[in-house]
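Fold and contact review
Spelled out, the chains give:
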Amino acid sequence: MGAEEVGRLATVTLARTGARRRGAREPAPRSGWWGRSRRRRRRRRRSRGAAARGPLLARAAEDRRRPPACRPEPSTASMIAAQLLAYYFTELKDDQVKKIDKYLYAMRLSDETLLDIMNRFKKEMKNGLSRDFNPTATVKMLPTFVRSIPDGSEKGDFIALDLGGSSFRILRVQVNHEQNQAVHMESEVYDTPENIMHGSGSQLFDHVAECLGDFMEKKKIKDKKLPVGFTFSFPCRQSRIDEAILITWTKRFKASGVEGTDVVKLLDKAIKKRGDYDANIVAVVNDTVGTMMTCGYDDQQCEVGLIIGTGTNACYMEELRHIDLVEGDEGRMCVNTEWGAFGDDGALEDIRTEFDREIDRGSLNPGKQLFEKMVSGMYLGELVRLILVKMAKEGLLFEGRITPELLTRGKFNTSDVSAIEKNKEGLHNAKEILTRLGVEPSDDDCVAVQHVCTIVSFRSANLVAATLGAILSRLRDNKGTPRLRTTVGVDGSLYKTHPQYSRRFHKTLRRLVPDCDVRFLLSESGSGKGAAMVTAVAYRLAEQHRQIEETLAHFSLTKEMLLEVKKRMRAEMELGLGKQTHDKAVVKMLPSFVRSTPDGTENGDFLALDLGGTNFRVLLVKIRSGKKRSVEMHNKIYAIPIEIMQGTGEELFDHIVSCISDFLDYMGIKGPKMPLGFTFSFPCKQTSLDAGILITWTKGFKATDCVGHDVATLLREAIKRREEFDLDVVAVVNDTVGTMMTCAYEEPTCEVGLIVGTGSNACYMEEMKNVETLEGNQGQMCINMEWGAFGDNGCLDDIRTIYDKLVDEFSLNSGKQRYEKMISGMYLGEIVRNILIDFAKRGFLFRGQISEPLKTRGLFQTKYLSQIESDRLALLQVRAILQQLGLNSTCDDSILVKTVCGVVSKRAAQLCGAGMAAVVDKIRENRGLDRLNVTVGVDGTLYKLHPQ
């Protein structure tokens, strides 16, 4: 090119400078920060362009003025020309971009519009999960019955089938968790011909069975009955993991007689018809679920699966309590959203274009999968073709030329869109592809077609970002966390092969959900491996479930077993009451010398002491009789330090008297000698109402020089040592007797007392004629059973578990109070802790890790059982409790911990009920009644606070 031509080009270029528009290839949103950012960048490019052009244009003008001999060498002139040509084509491209932006304005979605779509999809998800709205919901939110992602301990040999497109894949997947989670895969790909896809259902599944037989023959595994996982990538309704009833065909499949039928049964029938091999179809999953499970094996934070390929769909782990279509509310389940049908009810009409409607009219399923038709690889190429045809008809492209190829459906594919949008060779690819379609594109045409492709694929990425944003937002809300960190497993040809798609998609998603940190994990081995992983997880869970059930079955007591416990308790009661057998009896049946319950005439002011645990209570009780009976109480609670509980007897009783002194000062009544009743909640042998000889300490007490001594005398001696006040110790009673007497004051039919708290015990009114250890046959006496020792002679060994034995072995009083150790609040938490340790060792809990806190005896207090078993407590809160205890748990861990708490506390309640049945049955027999009406007075934190 000569200098004259360069000069003319420069003049043309200068004339075009004022018309310059932004040179970005990607369309800007119509509003938002991105649009503003792009305008700033445009201004900067203008200033830089002007600065760059100035010297070039001056140089060109100067060259024109020089004599020919003085003009630059051709090489210099050519360089200047090349630079100006580059600039010229940039200007040309900018004009084309502007035209296309204006023409396809409706396809460019602002962030405000995308956020609105995100909220619409959240509403659709909620409708799909609801039992009431699901029948009419377009986004079906189908339960998959996949309840857990892989945890890395899966192992075995599996077959995976992957049917979802024109090719059908079969894999053999061998998993060995002991070799760094090694997964060995062999696969074969088989074609699914068009006539099979559109034929009958029996033809389709015969074809699948034939391919499977061929694969097994090649791998020499026909003689093995391997578990099969079936990836079936079409909308299905499931009621269990090995059943899938096809709702509707998608992706060009139209095999008759399959919709409304269980595809597992159809495949099983086809396999049996052949008869040359056998297969056990364990699980059927959607390709999206398969993708999540594949990625979940490598990253256990993966809880979302996403397909952006021929079709599009997503799945995620939803809280079971939100899935109305499935019974139960504990744990999570993977929900297959089937989001391709989003908009089928008209929810997206405001953003659908004439081209979307034309695509739908020409499809195999008009009116269905409208969202999928706007975003998936099956339709993007066709969308671009329709736009190009219309623009050509209007004379905006190809100088109005329209060829038969351009008018033919399917001639412009999504792979062409990907090729045209490549950074470097995109325009070259556009020229080749358009030439193949018979048009002779100009450079303007190539630029325009490239931008059409950009707008169509960009809209797809934006829409998928909006719907995924809705899922992530729901996950964050479910977890109650201000910021979500999760992994999304992704598969699909559009996501993988389109050069710009993933970048645009991620960028839009970050803007829409800035409070979600998302890792995208590409599924390298497809959804077939995922089907195998679902099968492997199902096998793992089934085996774990079997072992867990086997272990916890030891805590399950049948009615026959409970009647046997009642019978044995009754026998022990008789031994305790008998004069000849009392000394050898373990249930001591101690006379309390309380001979009657209150009748309402009681009157006066009394002091009461209540010692039975780590806290000690002093009370002033004012009882008034007459027409307006009343009981007024004032009390103060004092702690008993562990060193006092396990020190000397003198230190213990001096501490008690010190607390009494403080209380008398507090109430201002340190003066007159007051009657005092002492509730002493430990086994005592009484010889009178005001004397009780301690038989043995329980509940963690170990004070020396007390066992074998009268506790009333020890208290009197301590009062004397204090020399501040005097009290009249009138009665020593067990806490169980105290409970019965308290309740009997309100309810005259109360003749039984029961404590189920830190410890456990019962008392009842026995006929004197049956109390052989005392003289006299007339009247009644309250018997303090001290039933906590039931079983100390081995009579409960057949129902004690290894965990009961561990708790007993490491307790302060090994071999004693065995019944109490199975039913009372002091020990239930410790039983649970030992089960959790065993389950962690066996890999059922906490990923096989036993944390230091879990090794700590007494860490898992019974109050945590009560909290965990609360009906109102969501699993999230269960996890929070375990977190407080230093136990990092998954959702599945929380379910199992809650199950363990449930079986332990249920057994405790049943055993306590069997013991009480023996007591009330004895009262009924004593009175010769067919039916007894009686009231039991109850106290104790376990009974009061445990929700079940």
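As a reminder, the structure under discussion sits directly above these lines.
I will try to describe carefully the structure that is included in this document. (Residues numbered from 1 in each chain as written. Predicted model: local features only at pLDDT ≥ 70, side-chain atom pairs only at ≥ 80, totals over all residues. Heavy atoms only, no water.)

To continue, consider the pairing of strand 10 (residues 312–319). Taking burial as the measure, the eight residues of strand 10 include eight buried ones, the bulk of the element. Going residue by residue along strand 10, you find Thr312, Ala314, Tyr316 and Glu318 tucked away on one face and Asn313, Cys315, Met317 and Glu319 tucked away on the opposite face as well. As paired elements, strand 9 (residues 302–308) and strand 10 share five bridges and run antiparallel to each other. Opposite Gly305, over in strand 10, you have Cys315 as the bridge partner. Where strand 9 folds back on strand 10, the antiparallel hairpin that results is connected by three residues. Pairing of strand 10 with strand 11 (residues 332–336) involves five bridges; the strand directions are antiparallel. Residue pairing across strands places Met317 opposite Cys334, the latter belonging to strand 11. (Buried < 20%, exposed > 50% of the residue type's maximum accessible area, 1.4 Å probe, protein only. Helix = DSSP H or I, 4+ residues; strand = E, 2+ residues; numbered from the N terminus. Pairing = 2+ DSSP bridges.)

Each strand in a sheet pairs with another by means of backbone hydrogen bonds, the pair being arranged parallel or else antiparallel. Reading across the sheet, the six strands line up as 1-11-10-9-12-13 and stay open at both edges, with mixed pairing between neighbours. The open sheet has two edge strands with one neighbour each: strand 1 (142–143) and strand 13 (516–522). Relative to strand 12 (residues 484–491), strand 9 runs parallel, the two sharing five bridges. In the strand pairing of strand 12, Gly305 is matched with Gly489. Taken strand by strand, helix 8 (residues 287–298) contacts strand 9, strand 10, strand 11, strand 12 and strand 13, and its axis lies near 135 degrees from that of strand 9. Packing of helix 15 (residues 443–479) onto the sheet brings it into contact with strand 9, strand 10, strand 11, strand 12 and strand 13, and relative to strand 9 it is tilted by some 170 degrees. (Contact = heavy atoms within 4.5 Å. Axes fitted to C-alpha atoms, helices over the stretch in contact; angles between N-to-C directions.)

Before going further, it helps to examine helix 4 (residues 111–129). Taking 1.5 Å of rise per residue, 19 residues should cover 27 Å, and helix 4 covers 27 Å from first to last C-alpha, within 8% of that figure. What helix 4 keeps buried is the set Asp111, Thr113, Leu114, Ile117, Met118, Arg120, Phe121, Glu124, Met125, Gly128 and Leu129. (Expected span 1.5 Å × (residues − 1).)

Take the pairing of strand 8 (residues 280–285) next. The element strand 8 is largely enclosed, with a buried count of five among its six residues. Here strand 5 (residues 227–232) runs beside strand 8; their pairing, made up of five bridges, is parallel. Residue pairing in the sheet places Pro227 in a bridge with Asn280 of strand 8.

Two numbers describe a pair of packed helices, the interaxial angle and the distance between the axes. With their axes 9 Å apart at the nearest point, helix 6 (residues 201–218) and helix 7 (residues 263–274) run at an angle of 60 degrees to one another. Relative to helix 7, the element helix 6 is oriented oblique. In this structure, the crossing between helix 6 and helix 7 has a hand that is right-handed. Together, Phe205, Asp206, Val208, Ala209, Glu210, Leu212 and Gly213 of helix 6 and Val263, Leu266, Leu267, Ala270, Ile271, Lys273 and Arg274 of helix 7 make up the contact between the two elements. (Parallel < 35°, antiparallel > 145°, perpendicular 65-115°, else oblique. Left-handed = near helix turned anticlockwise from the far one by under 90°.)

Remark: helix 11 (residues 377–393) packs on helix 15, axes separated minimally by 10 Å, with the N-to-C direction vectors making an angle of 140 degrees. Here helix 11 is positioned oblique relative to helix 15, judged by the angle of their axes. Note on packing geometry: the crossing formed by helix 11 with helix 15 is right-handed. In contact with Leu380, Leu383, Val384, Ile387, Leu388 and Met391 of helix 11, helix 15 contributes Val449, Val452, Cys453, Val456, Ser457, Arg459 and Ser460. Here the residues of the contact of helix 11 with helix 15 are counted per class, giving 10 nonpolar, two polar and one charged. (Nonpolar A, V, L, I, M, F, W, Y, C, P; charged D, E, K, R; others polar.)

Core analysis: the biggest nonpolar cluster contains 84 residues, and Leu306, Leu472 and Phe505 have the highest contact counts within it. Element by element, the count of residues in this core is highest for helix 15, at 17 residues. With sequence-adjacent residues up to four places away left out, Leu306 is seen in contact with Thr288, Thr291, Asn313, Ala314, Trp339, Val464, Leu468, Val488, Gly489, Val490, Asp491 and Phe505. Grouped together as the second largest cluster of nonpolar side chains are 72 residues, Val752, Leu796, Leu865 and Val900 included. (Core = buried A, V, L, I, M, F, W, Y, C linked by side-chain atoms within 4.5 Å.)

The next thing to look at is the packing of aromatic side chains. Per the stated rule, a full pass over the model turns up 24 aromatic pairs. Arranged with centres 5.4 Å apart and planes meeting at 25 degrees, the rings of Trp249 and Phe253 form a pair that is stacked. No difference in accessibility class separates Trp249 from Phe253, as the two residues are buried. Here a set of aromatic residues connected by ring pairs shows up, and it is made of Phe230, Phe232, Phe234, Trp249 and Phe253. The residue whose ring lies beneath Lys636 is Tyr666, and the NZ or CZ to ring-centre distance is 4.6 Å. (Phe/Tyr/Trp six-rings, centres within 6.5 Å; stacked < 30°, edge-to-face > 60°. Lys NZ or Arg CZ within 6 Å of the ring centre and 35° of its normal.)

Moving on, we come to the sheet that holds strand 16 (residues 615–624). Spatial strand order, 17-16-15-18-21: five strands in an open sheet with mixed pairing. Where the open sheet ends on each side, the last strands, each with one partner, are strand 17 (630–639) and strand 21 (727–733). In this sheet, neighbouring strand axes are inclined to one another by 20 degrees on average, regardless of whether the strands run parallel or antiparallel. Two strands pair when backbone bridges link them, and strand 15 (residues 604–611) and strand 18 (residues 674–680) are joined in this way by five bridges, in the parallel orientation. If you follow Leu611 over to strand 18, its bridge partner there is Phe680. Across the sheet, helix 21 (residues 649–667) is in contact with strand 15, strand 16, strand 17, strand 18 and strand 21; its angle to strand 17 comes to roughly 130 degrees. Against the sheet, helix 23 (residues 735–746) touches strand 16, strand 17, strand 18 and strand 21, its axis set at about 95 degrees to strand 21.

What follows is about the state of the cysteines. Applying the stated criterion across every chain yields a total of zero disulfides. Cysteine Cys295 is unpaired, with the sulfur of Cys302 as its nearest cysteine sulfur at 5.1 Å. (Disulfide = S-S within 2.5 Å.)

With that settled, consider the side chain of Ser811. The topology assignment puts Ser811 in the loop between helix 24 (802–809) and helix 25 (818–823). Judged by its relative accessible area of 17%, Ser811 is buried.

A separate point is helix 22 (residues 711–722). If you check helix 22, its first and last C-alpha atoms are 17 Å apart, about what 12 residues at 1.5 Å a residue would give, namely 16 Å. The set of residues buried in helix 22 consists of Val711, Ala712, Leu714, Leu715, Ala718 and Ile719. With its buried residues spanning 160 degrees around the axis, helix 22 presents them on a single face. Of the surrounding elements, those touching the buried residues of helix 22 are strand 15, helix 21, strand 18, strand 20 (691–694) and strand 21. A side-chain oxygen of the first residue of helix 22 lies 3.0 Å from the backbone nitrogen of Ala712; this N-cap is Asp710. (Arc of directions from axis to C-beta. Polar contact = N/O pair within 3.5 Å; in protein donor to acceptor, adjacent residues only side chain to side chain.)

Let us now look at a negative patch on the surface. On the surface, a cluster of negative charge is contributed by Glu650, Glu651, Asp705 and Glu717. Summarising the element assignment, Glu717 is placed in helix 22. According to the relative accessible area criterion, Glu717 is partly exposed, its value standing at 40%. (Patch = residues over 30% accessible without salt bridge, like charges linked within 9 Å, V, L, I, M, F, W, Y side chains within 5 Å. Areas by Shrake-Rupley, 256 points an atom, 1.4 Å probe, with all protein chains shown as cover. Salt bridge = Lys/Arg side-chain N within 4 Å of Asp/Glu carboxyl O. Lys, Arg positive; Asp, Glu negative; His and termini not counted. Charge placed at Lys NZ, Arg CZ, Asp CG, Glu CD.)

Its location among the elements puts Glu820 in helix 25. Accessibility expressed as a relative area gives 3% for Glu820, which makes it buried. Polar side-chain contacts of Glu820 include one of 2.9 Å to the backbone nitrogen of Ser760. Setting aside chain neighbours within four positions, we find Glu820 in contact with Thr698, Gly759, Ser760, Gly788 and Tyr827.

A separate point is the pattern of salt bridges. Applying the stated rule across the entire model yields 68 salt bridges. Between Glu186 and Lys219 there is a salt bridge, with its nearest N and O atoms 3.8 Å apart. With Glu186 in strand 4 (residues 182–191) and Lys219 in the loop between helix 6 and strand 5, this pair connects stretches of sequence that are 33 residues apart. A salt bridge links Glu724 to Lys670; the shortest N-O distance between them is 2.7 Å. Here Glu724 is found in the loop between helix 22 and strand 21, whereas its partner Lys670 is found in the loop between helix 21 and strand 18, with 54 residues between them in sequence. On the basis of relative accessible area, Glu724 is assigned to the partly exposed category, the value being 36%. Salt bridges sharing partners connect three or more residues here, namely Lys566, Arg570, Glu574, Glu766, Asp921, Lys922, Arg924 and Glu925.

None of this, on its own, says anything about what the molecule does.
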